[in-house]
Amino acid sequence: NHVMMIPAICVICFLFFGVEEIAVSLEEPFSILPLDELVEEFRMNARDTVEWMEEEQQEAGMAVDGLGRSFAGKSRAKGA
């Protein structure tokens, strides 16, 4: 009778620990993803794209403001 208590308790504990692990994964779903590396790669790609765009516009002879917008050498002052 009591011989099956130990294996039964082990199975129940295993199931409860599994449910606990699932709950932790649902609470923090992004803890297993390398978000810092993904953000840094995105930042490097964006920087490379901006640099490439500026180089292309300089080769085309277009002026570029600080935000990367081209205005083809026109005066941006209003009323001029």
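Below is a summary of the structure that appears in this document. In this text the structure is predicted, and so the values were computed from the model without any measurement.

About the thresholds
- Residues numbered from 1 in each chain as written.
- Predicted model: local features only at pLDDT ≥ 70, side-chain atom pairs only at ≥ 80, totals over all residues.
- Heavy atoms only, no water.
- Helix = DSSP H or I, 4+ residues; strand = E, 2+ residues; numbered from the N terminus.
- Buried < 20%, exposed > 50% of the residue type's maximum accessible area, 1.4 Å probe, protein only.
- Areas by Shrake-Rupley, 256 points an atom, 1.4 Å probe, with all protein chains shown as cover.
- Patch = residues over 30% accessible without salt bridge, like charges linked within 9 Å, V, L, I, M, F, W, Y side chains within 5 Å.
- Salt bridge = Lys/Arg side-chain N within 4 Å of Asp/Glu carboxyl O.
- Lys, Arg positive; Asp, Glu negative; His and termini not counted.
- Charge placed at Lys NZ, Arg CZ, Asp CG, Glu CD.
- Expected span 1.5 Å × (residues − 1).

### A look at the overall build of the protein chain
If you tally the helices and strands in the protein chain, you get two helices and zero strands. Buried positions account for 4% of the 80 residues belonging to the protein chain. Within the structure as shown, the protein chain displays about 7,500 Å² of accessible surface, and the carbon and sulfur contribution to it stands at 65%.

### A look at a negative patch on the surface
Residues Asp 48, Glu 51, Glu 55, Glu 56 and Glu 59 make up a contiguous surface patch of negative charge. You can see Glu 51 is positioned in helix H2 (residues 35-59).

### Section: H2
Residues that lie three or four places apart on an α-helix share one face, since the helix turns once every 3.6 residues. The terminal C-alpha atoms of H2 lie 36 Å apart, and with 25 residues this matches the ideal 36 Å at 1.5 Å per residue to within 8%. The positive-phi residue at the C-terminal boundary of H2 is Gly 61, with phi of around 80°.

### Re a nonpolar patch on the surface
A contiguous nonpolar patch, built from Phe 30, Ile 32, Leu 33, Leu 35 and Leu 38 and spanning about 520 Å² of accessible area, is present on the exposed surface. In this structure, Leu 33 sits in the loop between helix H1 (5-27) and H2.

### Looking at the pattern of salt bridges
This structure, assessed with the given rule, holds one salt bridge. A salt bridge links Arg 43 to Glu 40, with the shortest nitrogen-to-oxygen separation between them at 3.1 Å. On the criterion of helical spacing, the pair formed by Arg 43 and Glu 40 is a turn pair, its members being three residues apart in helix H2. For Arg 43, a relative accessible area of 44% translates into the label partly exposed. Residue Glu 40 is classed as partly exposed on the basis of its relative accessible area, which comes to 33%.

Just geometry here; none of it tells us what the structure is for.
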